[in-house]
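So you can see what is in the structure, the chains are spelled out below.
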Amino acid sequence: MLALDKKNGSFLARFRGWFQAGAALLTNIHLPNFAKGVLYQGKGKTVCVPGLNCYSCPGAAGACPIGSFQAVVGSSKFRFSYYITGILILLGVLLGRFICGFLCPFGWLQELLHKIPSPKCSTKRLKPLRYLKYAVLLIMVVLLPAFVVNEMGMGDPFFCKYLCPQGVLEGAIPLSLTNAGIRAALGKLFSWKLCILLAVVVASVVFYRPFCKWLCPLGAFYAVMNRVSLFQMRVDTDKCVSCGQCLVNCPFGAISDKSQIFQTIMAIKSGVPVYVVLAPAFVGQFGPDATPEKMTASFKRLGFTDVYEAAIGADLCVIEEAADFLEEVPSKHRFMVTSCCPSWSDMVKKLFPQFEKNISVAFTPMVLTARMIKRDHPDCKVVFIGPCDSKKLEARRQSVRSDVDFVLTFEEALGIFAAKGMDKAFLPEDEEELPAYSSRDARRFAYSGGVAQAVVNAIHDMQPDREVKVAAAAGLADCRKLLMMAKAGKYDGYLLEGMACPGGCIAGAGTVQPPEKSRRALERYKEAV
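None of the values given here were measured: they were computed from a predicted structure. Residues take numbers from 1 onward in each chain, read along the sequence in its written order. Side-chain atom pairs in this predicted model are given and counted only at pLDDT of 80 or more, local residue features only at pLDDT of at least 70, and totals for whole chains, interfaces and linings cover all residues. Side-chain numbers here rest on the full set of heavy atoms in the structure, without hydrogens or water.

**Q** I tried to follow the sheet that holds strand β3 (residues 336-337) on my own but got confused; where do I start?
**A** Two orientations exist for strands paired in a sheet by backbone hydrogen bonds: parallel and antiparallel. Any two strands between which DSSP finds at least two bridges are classified as paired. Here a helix means four or more residues in a row that DSSP labels H or I, a strand means two or more in a row labelled E, and each is numbered from the N terminus. Strand order across the open sheet formed by three strands is β3-β7-β6, with parallel pairing between neighbours. Every interior strand has two partners, whereas the edge strands, β3 and β6 (469-474), have only one. In terms of strand pairing, β6 meets strand β7 (residues 494-499) through six bridges, oriented parallel. For V470, the partnering residue across the bridge sits in β7 and is L495. Note on contacts: a residue pair is in contact if any heavy atoms of the two residues lie within 4.5 Å. Only the stretch in contact is used when a helix axis is fitted, and all axes are lines through C-alpha atoms; the angle between N-to-C directions ranges over 0 to 180 degrees. Across the sheet, helix α19 (residues 342-351) lies against β3 and β7, angled at about 110° from β7, the strand it touches most. Most of the contacts of helix α25 (residues 476-487) go to β6, to which it runs at about 145°, and overall it touches β6 and β7.

**Q** Sorry, what's going on with the packing of helix α2 (residues 16-27) against helix α7 (residues 105-114) here?
**A** When two helices pack together, their arrangement is captured by the angle between the axes and the distance separating the axes. One can describe the packing of α2 onto α7 by two numbers: an axis separation of 9 Å at closest approach and a directional angle of 130°. If you check the angle between α2 and α7, you find them oblique. You can see that α2 and α7 cross each other, and the crossing is left-handed. The residues of α7 that touch α2, namely those facing R16, G17, Q20, A21, A24 and T27, are P105, W108 and E111. The labels follow the angle: roughly parallel below 35 degrees, roughly antiparallel above 145, roughly perpendicular from 65 to 115, and oblique for the rest. The crossing is said to be left-handed when, going from far helix to near helix, the turn is anticlockwise and less than a right angle, and right-handed when the turn is clockwise.

**Q** How should I be thinking about the sheet that holds strand β4 (residues 381-386) in this particular structure?
**A** Spatially, four strands are ordered β2-β1-β4-β5 in an open sheet, and the strand pairing comes out parallel. Strands with a single pairing partner mark the edges of an open sheet, and in this sheet they are β2 (306-309) and β5 (406-409). Going across the sheet, the axis of each strand differs from the next one's by a mean of 25°, ignoring polarity. Pairing of strand β1 (residues 274-278) with β2 involves four bridges; the strand directions are parallel. If you follow V276 over to β2, its bridge partner there is V307. Across the sheet, helix α22 (residues 410-419) is in contact with β1, β4 and β5; its angle to β5 comes to roughly 85°.

**Q** Help me understand the nonpolar core in this model?
**A** Proteins that are soluble and globular tend to have nonpolar side chains buried together. Here, nonpolar core means buried Ala, Val, Leu, Ile, Met, Phe, Trp, Tyr and Cys residues that are tied together by side-chain atoms lying within 4.5 Å of each other. Only protein chains enter the accessibility calculation, which uses a 1.4 Å probe. A residue is then buried if its area is under 20% of the maximum for its type, exposed if over 50%, and partly exposed in between. Counting residues in hydrophobic clusters, the biggest one holds 48 residues, and the most contacted among them are L278, F286, F299 and I385. Going through the elements one at a time, β1, α17 (292-302), β2, α20 (365-376), β4, β5, α22 and α26 (515-527) are the ones with two or more residues in this core. Excluding residues within four positions of it along the chain, I385 makes contact with V276, V277, L278, A279, F299, L408, T409, F410 and A413.

**Q** Mind showing me how you'd approach empty space enclosed by the protein here?
**A** Space left empty within the atom packing is revealed by a probe, the size of a water molecule, rolled over the atoms. Think of a 1 Å grid over the protein atoms and nothing else: a 1.4 Å probe that fits but is trapped marks a cavity, an open set flanked by protein within 12 Å on at least five of seven lines marks a pocket, and residues with an atom within 4 Å of a point count as lining. Grid points are joined across faces, edges and corners, and a volume is the space filled by probe spheres set on the points. In this structure the tally under the stated criterion is two cavities of 30 Å³ or more. By volume, the largest cavity is sized at about 300 Å³. Note on residue categories: nonpolar means Ala, Val, Leu, Ile, Met, Phe, Trp, Tyr, Cys or Pro, charged means Asp, Glu, Lys or Arg, and polar means any other residue, Gly included. Here the residues of the lining of the largest cavity are counted per class, giving 20 nonpolar, two polar and one charged. Its boundaries defined by the atoms lining it, the second largest cavity holds a volume of some 80 Å³. Contributing to the lining of the second largest cavity are 14 residues, with C100, C104, R209, C216 and G219 lying nearest its centre. Of all the secondary structure elements, the ones that give two or more residues to the lining of the second largest cavity are α6 (98-102) and α14 (217-225). Among the elements that take part in the lining of the second largest cavity, α14 stands out by supplying three residues, more than any other. Here the residues of the lining of the second largest cavity are counted per class, giving ten nonpolar, two polar and two charged.

**Q** Can you walk me through the environment of V361 in this structure?
**A** Here V361 shows up in the loop between α19 and α20. When the C-alpha atoms of V361 and T85 are compared, they prove to be 58 Å apart, with 276 residues separating the residues in sequence.

**Q** What's the story with the pattern of salt bridges in this structure? I'm lost.
**A** Opposite charge on two side chains makes pairing possible when the charged atoms of those side chains draw close. The rule for a salt bridge is simple: a side-chain nitrogen of Lys or Arg has to be within 4 Å of a carboxyl oxygen of Asp or Glu. Evaluated as defined, the whole model comprises 14 salt bridges. The salt bridge involving R209 is made with E111; its shortest N-O contact spans 2.7 Å. Taken together, the residues R209 in the loop between α12 (188-206) and α13 (210-214) and E111 in helix α7 connect sequence positions 98 residues apart. Note on E111: relative accessible area 8%, which makes it buried. Measuring nitrogen to oxygen at the nearest pair gives 2.8 Å for the salt bridge that ties D405 to K374. Taken together, the positions of D405 in the loop between α21 (390-395) and β5 and K374 in helix α20 put the pair 31 residues apart, joining distant regions of the chain. Each of R16, E111 and R209 takes part in a single network of salt bridges with overlapping partners.

**Q** Looking at this structure, I do not really get unusual backbone geometry. What am I missing?
**A** Note: most residues except glycine have negative phi, and most peptide bonds are trans. Cis geometry marks the peptide bond from V329 to P330, where omega comes out at 0°. With respect to the helices and strands, the residue P330 is situated in the loop between α18 (311-328) and β3. One non-glycine residue, R209, adopts positive backbone phi at about 45°. Here R209 falls in the buried class, since its relative accessible area comes to 1%. Even without being glycine, S242 reaches a positive phi, approximately 60°. Position of S242 among the secondary structure elements: in the loop between α14 and α15 (245-249). By relative accessible area, S242 is classed as partly exposed at 25%.

This is how it looks when you write it as structure tokens:
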């Protein structure tokens, strides 16, 4: 199986636009036909191109696989096209979704439109719409042309005729510009398809490739074939640190992790006390009405027993890391690496194993808070709710498994609130209740530089005259640079803080608002201590 390693992946990513432009040109190589207003009708039209490209485009060098399939299925002589299906299976097995990302002209057009400066919207909450394209493939491409037929036994190409915007863009518009007869024949169907095209154009400016995500039957077919494709991306488990940034940055939302919403709800329903450990970055994540004062009562309304801030554990973590630094640096190690971000510490272990012993031995705030809760309530369950996807990996570690039972992201917790109808209006002011108290420094853990500053403050409390140099990095690329410089001896005697997510935990894969907005809200909450 072919995989995109780092070197090949960066090459393909760097030149993907050129691949797309070249594919669009080769697919529509007969450019003079646009001026003549005629179609190419040579032998090339007996072969299907891999992407969505209209047969009626004057420049088209080949046939559209979806249009060709419908033409055969809707004919009076045949009910299935083995030739076209065979071509699609061959392309799917060889290349899979690579075709969508590199070879489809209409996909490239949507990407170009998305580059237009404008407010952009995420499709994270619209994931169920991705299943529409499978319905379009089954119903409009296969079933309707085969079974909804006229008196001659012929069916319409329903997708091409009533839904596909590419036909209007590449066929109807250019042909009508040069052919008065076609221009005179345009009617309500053209107006309908033109409205669809305009809707896709506008949506593409705001959303990333909306037609591909939600409506394209060709993409649906290649998505199915991608599971057995010879050319595909796969995770390099030797390098992956489970930061979750691939979930955030995949433009198609094709990557997902396993949720523990069901297990959490079943634990609540079982009657076992279930306590929430809430990460400091929660401020503002549940909407402007979900103030910190309302969160404890809101979680209790869902059935949770009580809420503790993970910042309580952060206070303990700060003391342990400060003591580690005073003991280890520089007498035993050249520098010390903070341990709070699981992806950061995993990166050190996997890519710079020689520095594994430089990682602080302190447990993370999540673990320390959970252990405190289970010490006081031995038979309870603990669920950590935070911004971080890597916490799910941390909770599976053998040393942590008995402390933290479930991990949910803010996005998943918001889904539970939505299911109970509590996402629009949180509890009234008379039910407000602050989570258990924690320090100002502990709440700084949520953004880049906050952990190191908290440790420095603790060290100065222990040894006021001790000078502590700090270097911090956020985002795996900068974290790698930081460690490379440490390897070269640039940070001897330093405390190194790394966070896998750009900006820190406030930009984690499970967050639902912009990092800067979260930082401002967290600063206000921190100052309220």
